[in-house]
Amino acid sequence: MTYRLSRAFQRSSAWLRSRNPARAVLSLVGLVAAASFLAVAPAAAQTYPNKPIRLIVPFAPGSGSDILARILSEPLSQALGQPIVVENKPGNNTTVGTELVATSPPDGYTLGLLTNSGLAASPGGLTSGVRYDPVKDLSYIALVASVNYVWLVNNDVDAKTAPELIKLIKANPGKYNYASGNTGGIAYGGYLKNSHKLDVTHVPYKSTPPALADLLSGHVQIMVADVPASLSMIRAGKVRPVGALAAQRYVLLPDVPTFAELGLATPPNMDGWWALVAPAGTPDAILDRLNKEVVKILETESIKAKLLQSSLVPTPSTRKQATDYQKEQLQVWTTMVKDLNLKVE
């Protein structure tokens, strides 16, 4: 390494001096700095980690993100041999916590368990005041888990499948209301309304539980809800699922057919998801180590069981898969925000 770098400096020095002696010194300083980084980065990665690691969660304590972080952090701490300190940094549709990760030193000691809200929806135009680029300012370690969405109706609604519900709404224009309790519910509900030209009234709620309560009581008749929030009510028969919005049946709702199975087009994927993320520029050796450990944890049967008990579906991935997925989701959300005129202030 030393020999190769020395020869490189000699060639660069001669070339620069022959063209612009005044700039040669400044340019060689840059080469020295780059060489120093190349020498130090592998050494830092070899000793990583040698102090506690911050794990930024962009939601408040007790949230689904917080629960996931604490399920993940204990075995990851054991694998790395250092404490992992969960820090809750909610705000501005998760952009506060996401920006904190994006602007932290790229040394592997600040990580983020971030979501589609801050990595795709908000930078796609859903939220104003985003001051980071989720592609350029972050490195993606692994996808961690996801939550699915399902189309629901009050039990008094005379429809058992999505096609029956669409037919019923079209036969009764203006009669039905649909609720939303979060970003995914807003986006999916708006997509279904627009794509199927449904004359229904949107009733937005600040969170999912009160929306589900009004769906149960009949104050609203229709809702797209995330599976974790609605699963107990579905299993108890208090509300009726009419279709799964993904390309495949959900692990937690295996008896609910997909739109495709019902003869309808599958909506764009706007399900919720989490990724373990680091600041851009974090050494590859550190990112690879973290990916290896996280994938191993997510494939452990006991961790799988814990996540599924919390209605979270584990989604271990390679670094490339996580990076590609974020880019795909950013495109989906950018399109949906524009087409549906979505905005969260």
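Residues numbered from 1 in each chain as written. Predicted model: local features only at pLDDT ≥ 70, side-chain atom pairs only at ≥ 80, totals over all residues. Heavy atoms only, no water.

Asks: Would you mind going over the pattern of salt bridges with me for this structure?
Replies: Any two side chains of opposite charge can pair, so long as their charged atoms come close to each other. What the rule picks out here adds up to 10 salt bridges. Of the charged contacts in the structure, one is a salt bridge between Lys-296 and Glu-293, with a shortest N-O distance of 4.0 Å. Remark: Glu-293 and Lys-296 occur in helix 10 (residues 284–298); sequence separation between them is three residues, near one turn of the helix. Beyond isolated ion pairs, a larger network of salt bridges with shared partners links Asp-284, Asp-288 and Arg-319. (Salt bridge = Lys/Arg side-chain N within 4 Å of Asp/Glu carboxyl O. Helix = DSSP H or I, 4+ residues; strand = E, 2+ residues; numbered from the N terminus.)

Asks: I would appreciate a short explanation of empty space enclosed by the protein in the present structure.
Replies: If you roll a probe as big as a water molecule over the atoms, it shows you where there is empty space left. A complete count under the given rule lists one cavity of 30 Å³ or more for this structure. Elements with a minimum of two residues in the lining of the largest cavity: helix 7 (183–195) and strand 8 (222–226). For the lining of the largest cavity, the leading source of residues is helix 7, giving three residues. Residues of the lining of the largest cavity, tallied by class, amount to eight nonpolar, one polar and one charged. (1 Å grid on protein atoms, 1.4 Å probe; cavity = no way out; pocket = protein on both sides within 12 Å on 5 of 7 lines; lining within 4 Å. Points joined across faces, edges and corners; volume = space filled by probe spheres on them. Nonpolar A, V, L, I, M, F, W, Y, C, P; charged D, E, K, R; others polar.)

Asks: So what exactly am I meant to see when it comes to the sheet that holds strand 11 (residues 313–314) here?
Replies: Within a beta sheet, neighbouring strands are joined by backbone hydrogen bonds and run either parallel or antiparallel to one another. Strand order in the open sheet formed by six strands is 2-1-3-10-4-11, with mixed pairing between adjacent strands. This sheet does not close on itself; its edge strands, each paired only once, are strand 2 (84–88) and strand 11. Of the pairings in the sheet, the one linking strand 3 (residues 110–115) to strand 10 (residues 272–279) comprises four bridges and is antiparallel in character. Paired with Gly-112 across the strands is Val-277, a residue of strand 10. Here helix 3 (residues 64–80) sits on the sheet in contact with strand 1 (53–57), strand 2, strand 3, strand 4 (138–147) and strand 10, set at roughly 165° to strand 2. Helix 10 contacts strand 3, strand 4, strand 10 and strand 11 of the sheet and is inclined by roughly 10° relative to strand 4. (Pairing = 2+ DSSP bridges. Contact = heavy atoms within 4.5 Å. Axes fitted to C-alpha atoms, helices over the stretch in contact; angles between N-to-C directions.)

Asks: How do you make sense of the sheet that holds strand 7 (residues 201–204) when you look at a structure like this?
Replies: The strand order 7-6-8-5-9 describes an open sheet built from five strands, whose pairing is mixed. Each edge of the sheet is formed by a strand with only one pairing partner; in this case those strands are strand 7 and strand 9 (239–244). Each neighbouring strand pair of the sheet contributes to a mean axis angle of 30°, computed without reference to strand direction. Sheet analysis places strand 5 (residues 149–154) next to strand 8, joined by five bridges and oriented antiparallel. By the bridge assignment, Trp-151 is partnered in strand 8 with Val-224. On the sheet, helix 8 (residues 208–217) packs against strand 5, strand 6 (177–180), strand 8 and strand 9 and is oriented at approximately 140° with respect to strand 8.

Asks: Whenever I open this one, the environment of Ala-121 confuses me. Can you help?
Replies: Take Ala-121: it is sitting in helix 5 (residues 116–126). Along the backbone, Ala-121 and Asn-93 are 28 residues apart, and their C-alpha atoms lie at a distance of 9.1 Å.

Asks: Help me out: how do you make sense of helix 9 (residues 227–235) in this one?
Replies: Given 3.6 residues to a turn, an α-helix orients residues that are three or four positions apart in the same direction. Among the residues of helix 9, Val-227, Ser-230, Leu-231, Met-233 and Ile-234 are the ones counted as buried. Looking at the buried positions of helix 9, the neighbouring elements they touch are strand 5, helix 8, strand 8 and strand 9. Among the residues of helix 9, the N-terminal cap falls to Asp-226, whose side-chain oxygen and the backbone nitrogen of Ala-229 are separated by 3.1 Å. Note on helix 9: the residue one or two positions beyond its end, Gly-237, has a positive phi of about 75°. (Buried < 20%, exposed > 50% of the residue type's maximum accessible area, 1.4 Å probe, protein only. Polar contact = N/O pair within 3.5 Å; in protein donor to acceptor, adjacent residues only side chain to side chain.)

Asks: So what exactly am I meant to see when it comes to the packing of aromatic side chains here?
Replies: We describe a pair of aromatic rings using the distance from one ring centre to the other and the angle between the two ring planes. In the structure shown here, the tally under the stated rule is four aromatic pairs. Look at Trp-151 and Phe-259: their rings are 5.9 Å apart centre to centre, the planes differ by 40°, and that puts the pair in the tilted class. Of the two residues, Trp-151 is situated in strand 5 and Phe-259 in the loop between strand 9 and strand 10; the sequence distance between them amounts to 108 residues. Owing to a relative accessible area of 0%, Phe-259 belongs among the buried residues under this scheme. (Phe/Tyr/Trp six-rings, centres within 6.5 Å; stacked < 30°, edge-to-face > 60°.)

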